[in-house]
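Reading the structure
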Amino acid sequence: MQTHPAKRVAIIIEAPMERRLRTTLEAADVTGFTIVPVLGGSGRSGPWSREGQVGRAGGMVQVICVVHPDRLPKLLESLSDVIERHIGVVTISDCEVLRAERF
């Protein structure tokens, strides 16, 4: 089976910013993405956890999307406005997909 090059973009951001991030992805012509809760981790400020939190306000989510390499610059430009003033991490990885027409 033939594979096709793509870019996997993972964004970890504060949960209250999820709606704005969704809008940004859609405006950048990202046709699909997955959102998963982030339970905890460790960063520049040390370890953190959602344990004991009642609401989403202090939580984080990870948004994962796969895009055609040509769409990456537009996506990153759009993302810069969302993550610039908020806690967040964006990673970009090379990946391969089976059905290139979906990305």
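Residues numbered from 1 in each chain as written. Predicted model: local features only at pLDDT ≥ 70, side-chain atom pairs only at ≥ 80, totals over all residues. Heavy atoms only, no water.

**Let's talk about the packing of helix α1 (residues 18–27) against helix α2 (residues 72–83)**
In the contact formed by α1 and α2, the axes pass within 9 Å of each other and the chain directions differ by 155°. In this view, α1 runs roughly antiparallel relative to α2, as classed from their interaxial angle. The two elements α1 and α2 cross, and the hand of that crossing is right-handed. Residue-level contacts link Arg 20, Leu 21, Thr 24, Leu 25 and Ala 27 of α1 to Lys 74, Leu 75, Ser 78, Leu 79, Asp 81 and Val 82 of α2. Classifying every residue of the contact of α1 with α2 by side-chain character gives six nonpolar, two polar and three charged. (Axes fitted to C-alpha atoms, helices over the stretch in contact; angles between N-to-C directions. Helix = DSSP H or I, 4+ residues; strand = E, 2+ residues; numbered from the N terminus. Parallel < 35°, antiparallel > 145°, perpendicular 65-115°, else oblique. Left-handed = near helix turned anticlockwise from the far one by under 90°. Contact = heavy atoms within 4.5 Å. Nonpolar A, V, L, I, M, F, W, Y, C, P; charged D, E, K, R; others polar.)

**Examining α1**
Among the residues making up α1, those that are buried are Glu 18, Leu 21, Thr 24 and Leu 25. Looking down the long axis of α1, one finds its buried residues gathered within 120° of arc, a one-sided arrangement. Set apart from the buried face of α1 by more than 90 degrees, the exposed residues are Arg 19 and Ala 27. Buried residues belonging to α1 abut β1 (4–14), β2 (34–38), β5 (60–67) and α2. Where α1 terminates, the next one or two residues include Asp 29, which has phi positive at roughly 65°. (Buried < 20%, exposed > 50% of the residue type's maximum accessible area, 1.4 Å probe, protein only. Arc of directions from axis to C-beta.)

**Brief notes about the environment of Arg 44**
For Arg 44, the position within the fold is in the loop between β3 (40–43) and β4 (46–49). With relative accessibility at 89%, the residue Arg 44 sits in the exposed group. Between the alpha carbons of Arg 44 and Ile 11 there is a distance of 17 Å; along the sequence they are 33 residues apart.

**So, the pattern of salt bridges**
In the structure shown here, the tally under the stated rule is three salt bridges. A salt bridge links Asp 94 to Lys 7; its shortest N-O distance comes to 2.4 Å. In this pair, Asp 94 sits in strand β6 (residues 88–97) while Lys 7 sits in strand β1, placing the two residues 87 residues apart along the sequence. The closest approach of N and O atoms between Glu 18 and Arg 22, which form a salt bridge, is 3.0 Å. Of this pair, Glu 18 and Arg 22 both sit in helix α1, separated by four residues, roughly a single helical turn. Overall, the relative accessible area of 12% leaves Glu 18 in the buried class. (Salt bridge = Lys/Arg side-chain N within 4 Å of Asp/Glu carboxyl O.)

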